[in-house]
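Listed below, chain by chain, are the residues.
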Amino acid sequence: MAKNEEFEHESIQDNQTIGTYLESLVEGFKKGKIVLTAEKQEIELHPNNILHFDLSAKKKGNKSKMTIRLSWRRSDLDEDTKGDISIA
């Protein structure tokens, strides 16, 4: 069974830095490998070709918020569950 791993990071950044982060994510998705590192945390993700994409945005007064959520299943887990079965 695979171990659970989590990565969380929160900070205040300028538009240019966020743009650079997003560009790095785009490249990672194209390559099929994203490595996130901050302080003593690190996680390596391997997005496959089928992803769930969820985008929401809202404005309230002078505050705006945008949330992007992407999820997928590890392809090796999918392959493991597609084994042959024999019923007698």
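Values in this document were obtained by computation on a predicted structure and should not be read as measured data.

Enquirer: Describe in detail unusual backbone geometry, supporting the description with residues and values.
Expert: Although it is not a glycine, Glu39 adopts a positive phi angle of roughly 50°. Note on placement: Glu39 falls in the loop between strand E1 (34-38) and strand E2 (41-45).

Enquirer: Describe a nonpolar patch on the surface, listing the residues and the values that go with them.
Expert: Taken together, the side chains of Leu51, Phe53, Leu55, Met66, Ile68 and Leu70 make up a nonpolar region of the molecular surface, amounting to roughly 590 Å² of accessible area. With 3 residues, strand E4 (residues 63-71) is the largest single contributor of residues to the nonpolar patch. Relative to the assigned elements, Leu51 resides in the loop between E2 and strand E3 (52-60).

Enquirer: For helix H1 (residues 15-31), give the residues involved together with the corresponding values.
Expert: In an α-helix, one turn spans 3.6 residues; hence positions three or four apart end up facing the same way. Here H1 contains 17 residues, and its C-alpha end-to-end distance of 24 Å stays within 8% of the 24 Å for a straight helix at 1.5 Å per residue. Of the residues flanking the start of H1, the one acting as N-cap is Asp14, its side-chain oxygen 3.0 Å from the backbone nitrogen of Gln16. Gly32 sits one or two residues past H1 and shows a positive phi near 80°.

Enquirer: Explain the pairing of E4 to me, using residue names and the numbers behind them.
Expert: Along E4, only 0 of the 9 residues are buried, which leaves the element largely exposed. Two strands pair when backbone bridges link them, and E3 and E4 are joined in this way by 9 bridges, in the antiparallel orientation. By the bridge assignment, Leu55 is partnered in E4 with Ile68. Between E3 and E4, which pair antiparallel in sequence order, lie 2 residues; one of them, Gly61, sits at a positive phi of approximately 65°.

Thresholds applied
Residues numbered from 1 in each chain as written. Predicted model: local features only at pLDDT ≥ 70, side-chain atom pairs only at ≥ 80, totals over all residues. Heavy atoms only, no water. Helix = DSSP H or I, 4+ residues; strand = E, 2+ residues; numbered from the N terminus. Patch = residues over 30% accessible without salt bridge, like charges linked within 9 Å, V, L, I, M, F, W, Y side chains within 5 Å. Areas by Shrake-Rupley, 256 points an atom, 1.4 Å probe, with all protein chains shown as cover. Salt bridge = Lys/Arg side-chain N within 4 Å of Asp/Glu carboxyl O. Expected span 1.5 Å × (residues − 1). Polar contact = N/O pair within 3.5 Å; in protein donor to acceptor, adjacent residues only side chain to side chain. Buried < 20%, exposed > 50% of the residue type's maximum accessible area, 1.4 Å probe, protein only. Pairing = 2+ DSSP bridges.

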